[in-house]
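# Per-entry structural report
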Amino acid sequence: MTTRIPEPDLTYLQRVLLEMLAIPSPTGFTDTIVRYVAERLDEIGIPYELTRRGTIRATLKGRQNSPDRAVSAHLDTIGAIVREIKDNGRLGLAPVGCWSSRFAEGSRVSVFCDSRVLRGSVLPLMASGHAFNTAVDSLPISWDHLELRLDAYSTTRADCETLGVAIGDFVAFDPLPEFTESGHISARHLDDKAGAAALLTALKAIVEAGLEPPIDCHPLFTITEEIGSGAAGALPWDVSEFVSIDIAPVAPGQHSSEHAVSVAMQDSGGPYDFHLSRHLLRLGEEHAISLRRDLFRYYHSDAQSAVAAGHDIRTALLAFGCDATHGYERTHLDSLEALARLLGAYLLSPPVFDSDALSRQQSLEAFSHQLEHDAQMESETRVPTVESLVGKGDSSA
């Protein structure tokens with residue numbers, strides 16, 4: 001019998017997403033967004049702890065405490081940092097996270113100095129069409145070919161220093177969110193605030209329905225995913241299954257959709273766990289959730305950072321469909337609803353393998369199976385028998 005999953009509160013999801021988008025959180029500048037999410041967990045009634053830097057490690061108690069499972073979303077976003085104060089009073093920037101300067105041009109931003117916040121715009125070095133005409137079109141696309149213009153009197157390096165600007169100040173790009181009647185949601189930084197909102201929504205639905213997961217689950221909210229180390233030190237428990245939540249690029253050559261949730265089969269770190277990924281696919285089918293499979297070519301996730309840190313865990317990746325990733329992003333409420341529902345189904349499902357409670361298995365009896373030999377298609381090229389090869393070897397001797 002299929003376990004009934006509670007329906008997600010989509011009004012809550014959209015409100016939490018909008019509030020998170022309003023909080024600047026480029027990697028390295030995440031204290032405020034951590035406080036916000038911790039307050040939401042307090043409201044839901046889920047206990048948590050904070051690491052020194054601010055990763056949130058929560059616990060949704062289950063009927064048994066081993067093997068645990070973990071589900072993560074990241075709170076940090078791409079952004080920039082001041083790398084140079086120019087003689088003309090403008091600022092050179094370096095990216096925080098991996099993204100193209102093409103998507104930074106024309107943006108309104110906030111510069112977080114040690115004692116104040118300044119507003120400004122990011123512009124190409126040739127920013128006036130009336131002054132440079134078609135030469136604007138020949139300017140290369142790189143972070144070296146744009147600059148930040150402050151909305152303050154700053155025509156010299158000394159002016160900037162007087163304002164309190166310093167190298168290393170964080171620069172946050174305005175999210176410009178818009179929620180349309182069609183259900184589309186456009187904004188910067190949906191990666192991964194939309195995923196975090198879906199996770200909070202799934203947790204809220206389970207707690208309010210009074211449902212108890214079969215095993216302990218640890219919701220994680222990480223703060224350094226955009227620079228590759230998000231979940232590296234976030235798993236102190238006996239976790240055997242780890243599902244990362246992130247963004248699925250909707251683009252030519254991809255299979256993801258803004259109206260479905262994607263199960264990623266592989267990314268830059270290689271294939272995800274065969275059994276855990278197919279467990280998620282089966283749950284999607286059982287609960288009639290709109291679902292896609294996809295591969296992501298230029299992509300890393302919290303799950304990959306956890307494996308790279310040495311954790312012996314099964315990993316999978318769930319992702320909401322999003323157009324123009326790491327640019328001015330767009331998703332649809334359909335995808336976020338599908339993600340929240342699949343998360344709810346997963347948290348309420350039994351572990352993929354009870355035997356994963358053992359960190360070491362002494363025999364093959366409980367070890368997993370993929371496709372067995374009798375289920376595989378026979379190759380047209382027949383493999384010679386061992387006897388025939390041994391015989392040839394003997395005769396030549």
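Look up: the structure comes first, before these words.
Residues numbered from 1 in each chain as written. Predicted model: local features only at pLDDT ≥ 70, side-chain atom pairs only at ≥ 80, totals over all residues. Heavy atoms only, no water.

### Comments concerning the nonpolar core
Residues Val71, Leu190, Phe221 and Phe242 are the most contacted members of the largest nonpolar core, which totals 82 residues. The residues contacting Leu190, other than those within four sequence positions of it, are Leu17, Leu21, Ile185, Gly195, Phe320, Cys322, Glu329, Arg330 and Thr331. Of all hydrophobic cores here, the second largest spans 22 residues; its members include Ile78, Leu91, Leu93 and Leu148. (Core = buried A, V, L, I, M, F, W, Y, C linked by side-chain atoms within 4.5 Å. Buried < 20%, exposed > 50% of the residue type's maximum accessible area, 1.4 Å probe, protein only. Contact = heavy atoms within 4.5 Å.)

### A few points about the pairing of strand β8 (residues 146–150)
By the criterion of burial, β8 is predominantly enclosed, with four of the five residues buried. One ladder, built from five bridges, connects strand β7 (residues 117–124) with β8; its direction is antiparallel. In the sheet register, Ser121 faces β8, and the bridge partner there is Arg149. (Helix = DSSP H or I, 4+ residues; strand = E, 2+ residues; numbered from the N terminus. Pairing = 2+ DSSP bridges.)

### Points about helix α2 (residues 31–44)
If you check α2, its first and last C-alpha atoms are 20 Å apart, about what 14 residues at 1.5 Å a residue would give, namely 20 Å. Burial in α2 covers these residues: Ile33, Val34, Tyr36, Val37, Ala38, Arg40, Leu41 and Ile44. If you follow the buried residues of α2, they end up packed against α1 (10–21), β1 (48–50), β2 (56–58), α5 (190–208) and β12 (215–222). Directly beyond the C-terminal end of α2, a positive phi value near 95 degrees is found at Gly45. (Expected span 1.5 Å × (residues − 1).)

### Remarks on the packing of α1 against helix α8 (residues 333–347)
Following both chains from N to C, one finds α1 and α8 inclined at 110 degrees, their axes separated by 11 Å at the closest point. When the axis of α1 is compared with that of α8, the two are roughly perpendicular. Residues Leu10, Leu13, Gln14 and Leu17 of α1 touch α8, and the partners they reach there are Leu333, Leu336 and Glu337. For the contact of α1 with α8, the class distribution of residues is five nonpolar, one polar and one charged. (Axes fitted to C-alpha atoms, helices over the stretch in contact; angles between N-to-C directions. Parallel < 35°, antiparallel > 145°, perpendicular 65-115°, else oblique. Nonpolar A, V, L, I, M, F, W, Y, C, P; charged D, E, K, R; others polar.)

### Details of the packing of aromatic side chains
Counted under the stated rule, the structure contains five aromatic pairs. Taking the centre distance of 4.5 Å and the plane angle of 40 degrees together, the rings of Phe29 and Phe112 count as tilted. Of this pair, Phe29 sits in the loop between α1 and α2 while Phe112 is found in strand β6 (residues 108–112), placing the two residues 83 residues apart along the sequence. Of the residues examined, Phe29 reaches a relative accessible area of 28% and is grouped as partly exposed. Every member of this aromatic cluster is reached through a ring pair, and the members are Phe29, Phe112 and Phe170. Residue placement shows Arg40 over the ring face of Tyr36; its charged tip is 4.4 Å from the ring centre. Seen from the ring of Trp237, Arg57 lies directly overhead, with NZ or CZ sitting 5.9 Å from the centre. (Phe/Tyr/Trp six-rings, centres within 6.5 Å; stacked < 30°, edge-to-face > 60°. Lys NZ or Arg CZ within 6 Å of the ring centre and 35° of its normal.)

### As for the packing of helix α6 (residues 274–286) against α8
Orientation of α6 relative to α8, taken along the N-to-C sense of each, is 115 degrees, at an axis distance of 10 Å. Taken together, the axes of α6 and α8 are roughly perpendicular relative to one another. Crossing hand, α6 versus α8: right-handed. Across the interface between the two elements, Leu276, His279, Leu280, Leu283 and Gly284 of α6 pack against Leu342, Ala345 and Tyr346 of α8. A class-by-class count of the residues in the contact of α6 with α8 yields six nonpolar, two polar and no charged. (Left-handed = near helix turned anticlockwise from the far one by under 90°.)

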